[in-house]
Amino acid sequence: MSDREYDIVPITPKDSEKVLEHLRKFFFLEEPLNINIKLLGENGDERCPELESYCVGTIPEGLSLMAVSRTGKVIGVSLNGSHEPGHLDEMQSNADNCPNLRFRKILQLLVAVERGSDVFTKFPDVDKLVEVRIISVDSALRGRGIAKALLEKSRELAKQKGYPLFRVDCTSNFSARAVARLGLECVYELRYEDYCKNGQPVFQPALPHTEVKSYVQRLQV
């Protein structure tokens, strides 16, 4: 699919339901950690309101983008949000108090990655950043550059809005490879076998998904 066959446009709050419709068909069912812990149940036919709220909660910031076909179908999304130093306590509290025990595991992993990557210490001159929280593409259209275009446009938008750092945490091997090809630097890796509670790995996703990686890139703003 060429760039003439779809547009990349901002996601606004009124787009929330169609974004969720896309995610329910693709990302929610295919993300390796969701599959591993059966976040949507044994058959993938349950809903996770906490996950859905997490996804749309970042939209009002005006940093998220979607790829829309000429027929008006959402074929990809990049849900992006901002962070500033001092955000970890709130993240930890939100994770620890999540009522869905399965999704709580994912939120707690994301907090562990934030702490481990320690980006604001590594880049002490940076006082804010934009991060890609979810990237998803229609499975029938993968391999056609849509994810790459969404990531590039997200990076461009972050730069336009004056953010000095662009970040992507990748829980999937596939997304990590895509992000690395864009020239971002890997600043942290956490192997799933090393992320344990009570001596047992919390996540054991199928190969080739063996670790979560944090990538960053400075933006000249």
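This structure is a prediction, so every number in the text was calculated from the model and none was measured.

A. Focus on the overall build of the protein. Regarding its fold elements, the protein presents nine helices and nine strands. Here the protein has a C-alpha radius of gyration of 17 Å; the compact-globule value for 221 residues is 17 Å, and the two agree. Here the C-alpha coordinates of the protein stretch approximately 50 × 45 × 30 Å along the principal axes. The buried share of the protein, taken over its 221 residues, is 49%. Summarising the internal contacts of the protein: among those between residues at least 6 apart in sequence, 75% fall at separations of at least 24. In the structure as shown, the protein presents an accessible area of about 11100 Å², 48% of it carried by carbon and sulfur atoms. Of the charged side chains in the protein, 30 are positive and 32 negative; the average position of the first set lies 4 Å away from that of the second.

B. Looking closely at the side chain of S214. As for its placement among the helices and strands, S214 is situated in strand β9 (residues 211-218). Here S214 falls in the buried class, since its relative accessible area comes to 0%. Setting aside residues no more than four positions away along its own chain, S214 makes contact with V113, S117, R167, V168, D169, E185, C186, V187 and Y188.

C. View of the pattern of salt bridges. Tallied over the entire structure, the rule returns 16 salt bridges. Residue D15 is joined to K14 by a salt bridge in which the shortest nitrogen-to-oxygen separation is 3.7 Å. Look at K14 and you get exposed, because its relative accessible area is 72%. Among the salt bridges present, the one from R191 reaches E193, with a minimum N-O distance of 3.3 Å. Shared partners join several salt bridges into a network, and the residues in it are E114, E131, R133, R167 and D169.

D. Summary view of the pairing of strand β3 (residues 74-83). Taking burial as the measure, the 10 residues of β3 include nine buried ones, the bulk of the element. Sheet topology places strand β2 (residues 65-69) next to β3; four bridges connect them, and they run antiparallel. By the bridge assignment for β3, A67 is matched with G76. Here β2 folds back onto β3 in antiparallel fashion, the turn holding four residues, of which G72 has a positive phi close to 90 degrees. Taken together, the eight bridges between β3 and strand β4 (residues 129-137) define a ladder with antiparallel strand orientation. Residue L79 lies in a different strand from β4, and its bridge partner there is I134.

E. Up close: unusual backbone geometry. Residue P208 is reached from L207 by a cis peptide bond, and omega for that bond is 10 degrees. When you line up the elements, P208 lands in the loop between β8 (200-201) and β9. A positive phi angle is found at K38, which is not glycine, with a value near 55 degrees. Looking at the secondary structure, you find K38 in the loop between α3 (32-36) and α4 (49-57).

F. Fine view of the nonpolar core. In this structure, L23 and F203 are the most contacted members of the largest nonpolar core, which totals 38 residues. Listing elements by their share of this core, those giving two or more residues are α1 (16-25), α2 (27-30), α4, β2, β3, α5 (88-96), α6 (101-117) and β6 (185-191). With seven residues, the single largest contributor to this core is α6. When sequence neighbours within four positions are dropped, the list of residues in contact with L23 reads F28, C55, V77, L79, I134 and S136. Among the nonpolar cores identified, the runner-up in size contains 15 residues, and L63, V130, A158 and L184 belong to it.

Cut-off values and rules
Residues numbered from 1 in each chain as written. Predicted model: local features only at pLDDT ≥ 70, side-chain atom pairs only at ≥ 80, totals over all residues. Heavy atoms only, no water. Helix = DSSP H or I, 4+ residues; strand = E, 2+ residues; numbered from the N terminus. Rg over C-alpha atoms; globule rule 2.2 N^0.38 Å. Buried < 20%, exposed > 50% of the residue type's maximum accessible area, 1.4 Å probe, protein only. Contact = heavy atoms within 4.5 Å. Areas by Shrake-Rupley, 256 points an atom, 1.4 Å probe, with all protein chains shown as cover. Lys, Arg positive; Asp, Glu negative; His and termini not counted. Charge placed at Lys NZ, Arg CZ, Asp CG, Glu CD. Salt bridge = Lys/Arg side-chain N within 4 Å of Asp/Glu carboxyl O. Pairing = 2+ DSSP bridges. Core = buried A, V, L, I, M, F, W, Y, C linked by side-chain atoms within 4.5 Å.

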